[in-house]
Amino acid sequence: MNNIYCIIMAGGLGSRLWPLSQASMPKQFIDLMGIGRTMLQLTFDRFSSMCDTEHFVVVTNEEYYETVCQQLPEIPLKNILREPFRRNTATCIAFATAYIKQLDPNAVCVVTPADHLILNEMRFVKSVQTAVDFAAVNDALVTVGVKAHKPETAFGYIQFGDPVGDNYPQLHLVKTFTEKPNLEMAQIFFECGEFVWNSGVFAWSISSIEKALQKFLPNTQKQFTMLDAIPRSHWTRESVRMAYDECENISIDYGVMERAQNVYVELTDAAWSDLGSWEAIYEQGQKDQNGNTSISGQVILKGSKDCLVDIPAGKTCIADGMDGYMIVDNGEMLLICPRSKSHLTSSYAAEISAATE
């Protein structure tokens, strides 16, 4: 299929990974795992086997436009769409859909965040390809669900129902969506066997997502229907801003997926994480015999265990007698705290901001 398009949503703030991820340079533009590619670049790499380069569309905030251009020079500049301000994922997707419709009204779209880590790329992409194949011939909104390997409170969950059939053995109807549960509910979901993690990766045709937006978010769809009446070459920042001004600030999950009836989930057991916290990065990182993970820089840990260290390349960190701590240096700010308090990093950022005002 040469009508597959990939929408990469790259406008988030990533505030939970402060001080490495900040509003001026959020996590999708950072090499979080120390492997030489940023999360945005890894996302492009992941789907490049499915999509022609000119079929990638990146939606990002106005202030990150130059960064996207620098990190993904392969993508045509016209395919980097600038949001005037954040209006959540439903508006982001409606914006990209209106743009792609002018290029190919018969397109089938993969929609993906820009900041996820997939350890088994081939398995995950195969699952996405199945979702695309189904969406291409059915009026369906398909998401990818990752089989849980533990009770997890940081992810959303999807309860799946009956399988579609022999041609799609891992594709099921969706029963329910649940946002991040407490530990007790996460344990129930895990033991039940009917729930998977919501990866936030979707597949659908232009016509299917437009119908869903029209039904459940008619005002948002109206704005981009009006924009679609104008040739893309005549879109201006002001016309996009006017459309965004009228749109609801709502996610695609709340606005559409949880309300539609034609929603399916393709199950995969590919190792996946949204890297939404320092604890997630610690879990995914390679560990030494004492459970320590170091991302970059020269790190020497003596008498220390279960620590996470991320310092700039060219710097050296020596830590002695640390137990369950995280040390993060972004070149300007240094954070040292117990890993058990890693969820407080955004509040630390707020304290710094207040202190410098």
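Residues numbered from 1 in each chain as written. Predicted model: local features only at pLDDT ≥ 70, side-chain atom pairs only at ≥ 80, totals over all residues. Heavy atoms only, no water.

### Focus: the overall build of the protein
Then, number 1: In terms of helices and strands, the protein carries 11 helices and 17 strands.
Then, number 2: Compactness check: the protein gives a C-alpha radius of gyration of 21 Å against a globular reference of 21 Å for 357 residues, within 12% of the reference.
Then, number 3: Seen along its three principal axes, the alpha-carbon backbone of the protein occupies a region of about 60 × 50 × 35 Å.
Then, number 4: For the protein, the residues scored as buried account for 52% of the 357 residues in total.
Then, number 5: Relative to all contacts within the protein whose residues are 6 or more apart in sequence, the contacts with residues 24 or more apart total 66%.
Then, number 6: By element, 49% of the accessible surface of the protein is carried by carbon and sulfur atoms, the whole surface being about 15,900 Å². (Helix = DSSP H or I, 4+ residues; strand = E, 2+ residues; numbered from the N terminus. Rg over C-alpha atoms; globule rule 2.2 N^0.38 Å. Buried < 20%, exposed > 50% of the residue type's maximum accessible area, 1.4 Å probe, protein only. Contact = heavy atoms within 4.5 Å. Areas by Shrake-Rupley, 256 points an atom, 1.4 Å probe, with all protein chains shown as cover.)

### Regarding the pairing of strand β6 (residues 141-147)
Then, number 1: Counted residue by residue, β6 has 6 buried out of 7 residues, so it is predominantly covered.
Then, number 2: In this structure, β6 lies alongside strand β10 (residues 263-268), joined through 6 bridges in parallel fashion. By the bridge assignment, V142 is partnered in β10 with Y264.
Then, number 3: Here β6 pairs with strand β9 (residues 195-205) via 5 bridges, running antiparallel. The residue of β9 that forms the bridge with T143 is F202. (Pairing = 2+ DSSP bridges.)

### So, a nonpolar patch on the surface
Then, number 1: A surface patch of nonpolar side chains, amounting to about 280 Å² of accessible area, comprises Y325, L334 and I336.
Then, number 2: Mapped onto the fold, L334 is located in strand β17 (residues 334-338).
Then, number 3: Using a relative accessible area of 54% as the deciding quantity, one classes L334 as exposed. (Patch = residues over 30% accessible without salt bridge, like charges linked within 9 Å, V, L, I, M, F, W, Y side chains within 5 Å. Salt bridge = Lys/Arg side-chain N within 4 Å of Asp/Glu carboxyl O.)

### Points about the packing of aromatic side chains
Then, number 1: Applying the stated rule across the entire model yields 16 aromatic pairs.
Then, number 2: Above the ring of Y65, the side-chain terminus of R82 is found at 3.8 Å from the ring centroid.
Then, number 3: Its guanidinium or amino end placed over the ring of Y282, K287 lies 4.7 Å from that ring's centre, counting from NZ or CZ. (Phe/Tyr/Trp six-rings, centres within 6.5 Å; stacked < 30°, edge-to-face > 60°. Lys NZ or Arg CZ within 6 Å of the ring centre and 35° of its normal.)

### Details of the state of the cysteines
Then, number 1: All told, the structure shown has 0 disulfides when counted by the stated rule.
Then, number 2: C69 takes part in no disulfide bond, and the closest cysteine sulfur, belonging to C92, lies 16 Å away. (Disulfide = S-S within 2.5 Å.)

### Overview of the nonpolar core
Then, number 1: In terms of nonpolar packing, the biggest core is built from 48 residues, with F95, I100, L141, W204, F224, I252 and V256 touching the most fellow members.
Then, number 2: Of all the elements, helix α3 (residues 88-103) adds the most residues to this core, at 9 residues. (Core = buried A, V, L, I, M, F, W, Y, C linked by side-chain atoms within 4.5 Å.)

### Observations regarding the sheet that holds strand β14 (residues 308-310)
Then, number 1: Taken in spatial order, the 4 strands of this open sheet run β12-β14-β16-β17, and their pairing is mixed. The open sheet terminates on both sides in strands that have one partner only, identified here as β12 (293-294) and β17.

### Observations regarding the pattern of salt bridges
Then, number 1: For the coordinates displayed, the defined rule picks out 14 salt bridges.
Then, number 2: In this structure, K150 engages E283 in a salt bridge whose closest nitrogen and oxygen atoms are separated by 2.7 Å. Separated by 133 residues along the polypeptide, K150 in the loop between β6 and β7 (157-165) and E283 in helix α10 (residues 278-284) bring together distant segments of the chain.
Then, number 3: Taking relative accessible area as the criterion, E283 reaches 37% and is therefore assigned partly exposed.
Then, number 4: Because the salt bridges share partners, they merge into one network encompassing E62, R82 and R237.

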